[in-house]
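Fold and geometry: a report
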Amino acid sequence: MSEGNHEGVHRHPAPTGFIRKYIFSLDHKVIGIQYIVLALAAVLVGMIMSLLMRLNLSWPGTSWPILGTLFPGGAPNGVMNPEFYLSLVTMHGTIMVFFVLTTAPQGGFGNYFLPIQIGAEDMAFPLLNMLSFWVTFVGFIVILSAIFLSGAESTVGPIGGWTGYAPLSALGAIAGPGQGMGMNLWIISIAIFCVGSLLGALNFITTLLNMRTKGMSLMRMPLTCWAWFTTAVLALLSFPVLLGGGILLLLDRLAGTSFFIPGGLYVSGVLSGTNPNFPLHTGGSPVVWQHLFWFFGHPEVYIAILPGMGATSHILATFARKPVFGYRAMVFAIFAIGLLGFFVWGHHMFISGMSPYSAIAFSVLTLSIGVPSAVKTFNWLGTLWGGRIRFTTAMLFALGFVSLFVAGGISGLILGQSSLDLAMHDTYIVTGHFHLVMGVASIFGMFSALYFWFPKMFGRFLNESIGKFHFWITFIGVYAIFIPMHIMGIVGMPRRYSQFTEYEFLKGLHPLVVFVSVAAIITILVQFVFYFNVIWSVFKGAKAPDNPWEATTLEWNTSTPPPHDNFAGVLPVVYHGPYEFAVPGAPNDYVMQTDSGVEVTSGNGHNGHRH
Amino acid sequence: MGRALAVIIWILTALSVLLFVSGKWWFPAAITEHGPALDRQFLITIIVVGISFTAAQVGLGWMVWKYRDTGRAGDRGVYTHGSNRLEVIWTVVTAVIFISLGIMGQSVWASLRLHDAPAGSFTVEVVAQQFQWNFHYPGKDNVFGKTDPKLIDDGALNFIGLDESDPSAKDDSVVSSIAIPVGRPVELRLRSKDVIHNIWVPPLRFKQDLVPGMEIKVHFTPTKVGKYELACAELCGQLHFKMKSYMLVLPDEEIKTLQAMPQEQFQARMVELLAQYPLTTN
Amino acid sequence: MATMVTGTKPVTKKGTGSSTFPGPNGNGKRRNGDEFLEPDYRANRYRIGMWVALASIAMMFTALSSAYIVRAGGAPDWVSIAMPRVLLLSTALILISSITMEVSRRNLKSSSFSGYGRWLLVTMLLGIGFLVSQLVAWRQLARQGVYVATNPHSSFFYLLTAAHAVHLIGGLLALIFLWIRSRLVKQVAVSPRRQATADAVTIYWHFMDALWIYLFLLLFLWR
């Protein structure tokens, strides 16, 4: 298949023992699968939590006996109490953002495919790679303990939302339920997670800069690699800020410092400094926590979605049987999104008491981040244009990604305006917006990636019929869940309410709330079909050849599944750009990157046009 | 499969748009001077959003409808890597639209936030605490009495730590619902005793965090008499969903008499007024 | 970005080697070309990785410094703590350790293994001396009744010095690792990989030095 191979260097031989092979493995492929399994477990927990929340919102006061058994403190007699609902909000957000949307796209698929796609035999630092997974895993155990351990003490998990705004999160148990041990564990888990992500980011960047194979110039890399690289840079620069903020928050809680706690607070009938449970605090600023958090938090949403964009571009081109439209523009757009992502964090804080002048700057910058996002959408449509689209499940999810990315992202034009934020802030339109774009669209990117790469990873296909059923219901389901939330936000429904029963102006929305819950229940049930498909296909799926999709990039050049060092000791040499489909005159409608037998006078750097 | 997907995308798009244009669920009518301007900006934005959303989805549907693989042997896609001209065109066009929207979106904000409340504004101090609102009126002398956190005593109903020894505090009132005059600028001075809260009255088209350790001044001008629900819109703990109060927008004379009353009468009159006005929810 | 397809024809295979290698398309540099698999280049990952790691560490201290500057700017409760004199000793120790580390690295470069090991040991001792000196500063403050929660300046002092010390301990562990390896693995000529790891640790150690100077100035000039 490929000519001009040259010798690779084996840096570590394939291990033989079970523990070194599957548990403490140094192999990026095993680590990638470990991350995916972790994300599949985490997303199950987060999803069940969202189910419980929906049940409570639509049918408040109903008794669910099984809940009463599991969480005697949170749901006495099976009726969920407000503090339990709020800790579910917190846990759902934290688990989904950190342990699903950050792990699966980057740690999972990135880990598995970045080295293969650039023609390397492993990551630059395999030991760090292993550590990064196990540190993340410990973080996951700690976050679970935050709700389950404190559940046994008949209190509840942390309450603070995934943003953990100080001083609520900083005051300790005095501030009410959910501010005790669970909150400490929440902060510690996030700090651990930061360390794991930083180790991963370090590895990704070094690998990409140092280990590309012969001929794999930057502009010949698949767009997935660009996305993973940019994501790693974002993680590298934003997680340390969260880590710093987390340390300050923990000190406020445990050491009595006043970084985020101002003076003169009177909480639960106690004045600061007059009671051993509430030490004296002076002069801290709650807004500083928000700045630190969102300086991380906004890049984080791009950390979640960029890999999905990369995978989508990759898979659209493959199944449209066409080169990516505007490869170079796509790369610039990824960079522009990553760069601008660091300068818009203030749009989360328009009404936080920040300077109204900086709000204007943040607002205009925020709207301009829509430009590279739109450029990506146009180029995806351009890629489909004139193609010969093959509707595999992977392709359906990639198309679903484009649709959801537009549907979710476009309301950013509303939320990014400081004026409109006066009405929209912290209502359900925000919930609908970010769930569609950073939640569901990213997840669709991951579904697409899994259906696409599963045959390479496990040597067997995921079942396509089940996959298509999974796609149709999920696609319609997520629209049904999240579009109505926009309307709720326009009416003014606030987020993070455990019940909407107290306000007359929200009562008219009840049918919509129930509709969303029913849609959510159906969509969630269908995900179990997906889980079944994954488990069943690992063992019983149809056997896959080396290049089942007739794709072009290096992962399809090696055997299925790839050998321990990815290319069996002979690294490939790259002759073409990543998406040479439909090349006129070539024997097949795809030209692999390693195919030296076909001359393509193209590349992605030449201007001029013809189409 | 391609046609089915196209049809589903179009149906979902149509239903989504329908949900927005049906008007069954929408904003309550605005009751502030800046409200109509904000609503207009919202309308412009949502039209741009709606058109872009529809265009992108229809386009996507059209691509999958038209360019599905027919399976004919030797049939290949169009070989192109893109077009610089198109890239430039759509980058510039979206940049112009999005950034103009962004700049237009500042006018309401600027009119509300970039200057202090006009002289002669009606001023109320709002002190939030976990699951309760306190509204502090300066009374006849129009001077707020001193407050001190050390004097706060929820048990003795001194929720905001009003210093009784301060002469200007004598005529002050602290009540749990807010009454403001119609047609006059209103300034709120926002403080919090414990954690971050947020004052949210949907018809006001207005929201602001109350941050402990800060006094944030905001202002607006109500234009319509009525009774409205007031909610907390920043997660503040267990009973966040119940941190409710009412906002009464009253004729100026009514407010003047109210303001002149001592605390007990003030409270009693508020109870009467709250009973007298029906709740406006749309 | 559109492509002119000037014709696509199968070309004759010319076998392996750079003669048929079309060269990187985008940046044209040879970095990832022929020398790609040279040990020199591969070893470069340790240096690259170190710079990347330092960017991340720098980011965390930037975040903490921003919090420090904001906190020092607005608060009426800010009380500056007096600088413990022993910090001057700390500063001197870490400055000297940077020099000895550099000497050690250069010894390795000229394949003088005994000098390399000796100077590593000296650097290690200076690093430990620095940590002890920091500990003394903490004890002095504690004796004056200045603890972590006493006032914002002391909170930041303890936090920043501790965060720096934790990172420095990481550097010390790396030094110990290098030193043990220098005792165990004897080489005739220094391998690129060994040089690269020593380089990386040296970069880290200099960074810790610079970071301390920065923190020292921040804590006692900006207050």
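Residues numbered from 1 in each chain as written. Chains lettered and ligands numbered in written order. Predicted model: local features only at pLDDT ≥ 70, side-chain atom pairs only at ≥ 80, totals over all residues. Heavy atoms only, no water.

1. Here we look at the pattern of salt bridges
Tallied over the entire structure, the rule returns 24 salt bridges over all chains. Between D27 of chain A and K29 of chain A there is a salt bridge whose closest N-O contact spans 3.2 Å. Assigned by exposure class, D27 of chain A and K29 of chain A land together as buried. In this structure, E125 of chain B and R191 of chain B form a salt bridge, with 3.3 Å as the shortest nitrogen-oxygen distance. One end of the pair, E125 of chain B, is in strand β1 (residues 122-129); the other, R191 of chain B, is in strand β5 (residues 186-192), and 66 residues separate them in sequence. Residue R191 of chain B is classed as partly exposed on the basis of its relative accessible area of 21%. When salt bridges that share partners are traced, they join R321, R390, E550 and D589 of chain A together with D69 of chain B into one network. (Salt bridge = Lys/Arg side-chain N within 4 Å of Asp/Glu carboxyl O. Buried < 20%, exposed > 50% of the residue type's maximum accessible area, 1.4 Å probe, protein only. Helix = DSSP H or I, 4+ residues; strand = E, 2+ residues; numbered from the N terminus.)

2. A few points about the packing of helix α4 (residues 152-184) of chain C against helix α5 (residues 192-221) of chain C
All names here are of chain C. Two elements in contact, α4 and α5, have axes whose closest approach is 10 Å; the angle formed by their N-to-C orientations is 165°. Classified by the interaxial angle, the pair formed by α4 and α5 is roughly antiparallel. Both α4 and α5 take part in a crossing whose hand is left-handed. Class assignment for the residues of the contact of α4 with α5 results in 19 nonpolar, 8 polar and 2 charged. (Axes fitted to C-alpha atoms, helices over the stretch in contact; angles between N-to-C directions. Parallel < 35°, antiparallel > 145°, perpendicular 65-115°, else oblique. Left-handed = near helix turned anticlockwise from the far one by under 90°. Nonpolar A, V, L, I, M, F, W, Y, C, P; charged D, E, K, R; others polar.)

3. Thoughts on the domain arrangement of chain B
Residue and element names in this part refer to chain B. The domain boundaries assigned to chain B delineate domain 1 (2-67 + 83-112) and domain 2 (117-276). A separation of 38 Å is found between the C-alpha centroids of domain 1 and domain 2. With 13 residues of domain 1 at the contact, the number on the domain 2 side is 13 residues. Taken together, both faces of the contact between domain 1 and domain 2 bury some 1100 Å²; the carbon and sulfur share is 60%. Considering only the surface of domain 1 that becomes buried against domain 2, I31, T32 and L112 emerge as the three largest contributors, covering 53% of it. The tally of links from domain 1 across to domain 2 stands at 1 salt bridge. (Domains from an automatic or database assignment. Contact = heavy atoms within 4.5 Å. Buried area = accessible area lost by both parts, 1.4 Å probe.)

4. Here's the deal with the interface of chain B and chain A
At the junction of the two partners, chain B supplies 103 residues and chain A supplies 121 residues. Looking only at chain B, the three residues that lose the most surface to chain A are R76, Y79 and F241 of chain B, adding up to 9% of its buried area. Summed over the shared surface of chain B and chain A, the number is 2 salt bridges. Of the charged contacts in the structure, one is a salt bridge between D69 of chain B and R390 of chain A, with a shortest N-O distance of 3.6 Å. One can count 39 residue pairs in polar contact (both at pLDDT 80 or more) joining chain B with chain A. Elements supplying a minimum of two residues to the side of chain B that touches chain A: α1 (2-21), α2 (35-66), α3 (84-104), α4 (106-113), β6 (197-201), β7 (206-210) and β9 (226-232) of chain B. Looking at the side of chain B that touches chain A residue by residue, the classes come out as 57 nonpolar, 27 polar and 19 charged. (Polar contact = N/O pair within 3.5 Å; in protein donor to acceptor, adjacent residues only side chain to side chain.)

5. Regarding the state of the cysteines
Residues and elements named next belong to chain B. Applying the stated criterion across every chain yields a total of 0 disulfides over all chains. No disulfide involves C232; its nearest neighbouring cysteine sulfur is the one of C236, lying 3.9 Å away. For C232, a relative accessible area of 0% gives the class buried. (Disulfide = S-S within 2.5 Å.)

6. Description of α5 of chain C
Counted at 1.5 Å a residue, the expected span for α5 of chain C with its 30 residues is 44 Å, and the 42 Å between its end C-alpha atoms agrees. When you tally the buried positions in α5 of chain C, you get 21 out of 30 residues, the bulk of the element. (Expected span 1.5 Å × (residues − 1).)

7. Some details on a nonpolar patch on the surface
Residues and elements named next belong to chain B. Side chains of V7, I11, L15, L18, V21 and W65 sit close together on the surface and give an oily, nonpolar patch of about 540 Å² of accessible area. Position of W65 relative to the elements: it lies in helix α2. Classification of W65 by relative accessible area gives partly exposed; the value is 32%. (Patch = residues over 30% accessible without salt bridge, like charges linked within 9 Å, V, L, I, M, F, W, Y side chains within 5 Å. Areas by Shrake-Rupley, 256 points an atom, 1.4 Å probe, with all protein chains shown as cover.)

8. Digging into the sheet that holds strand β10 (residues 245-250) of chain B
Residues and elements named next belong to chain B. Sheet architecture is open: 5 strands sit in the order β4-β10-β9-β6-β7, paired in mixed fashion. Across the chains shown, the open sheet's two edge strands, defined by having one partner strand only, are β4 (178-181) and β7. Across the sheet, the mean angle from the axis of one strand to that of its neighbour is 25°, orientation sign disregarded. Sheet analysis places β4 next to β10, joined by 4 bridges and oriented parallel. Bridging from a neighbouring strand, I178 pairs with M247 of β10. On the sheet, helix α6 (residues 263-276) packs against β4, β9 and β10 and is oriented at approximately 85° with respect to β10. (Pairing = 2+ DSSP bridges.)

9. Some remarks on the sheet that holds strand β2 (residues 132-137) of chain B
Strand pairing within a sheet occurs via backbone hydrogen bonds; the two strands may be parallel or antiparallel. Residue and element names in this part refer to chain B. Spatial strand order, β3-β2-β1-β5-β8: 5 strands in an open sheet with mixed pairing. Across the chains shown, the open sheet's two edge strands, defined by having one partner strand only, are β3 (173-175) and β8 (216-220). On average, adjacent strands in this sheet sit at an angle of 25° to one another, irrespective of strand direction. The pairing of β5 with β8 spans 5 bridges and is classified as antiparallel. By the bridge assignment, E187 is partnered in β8 with H219.

10. Regarding the environment of V516 of chain A
Residues and elements named next belong to chain A. In this structure, V516 sits in helix α19 (residues 510-540). When the C-alpha positions of V516 and I429 are compared, they lie 14 Å apart, and in sequence the two are 87 residues distant. Not counting the four nearest positions on each side in its chain, V516 is found in contact with R54, A480, I481, P484, M485 and M488.

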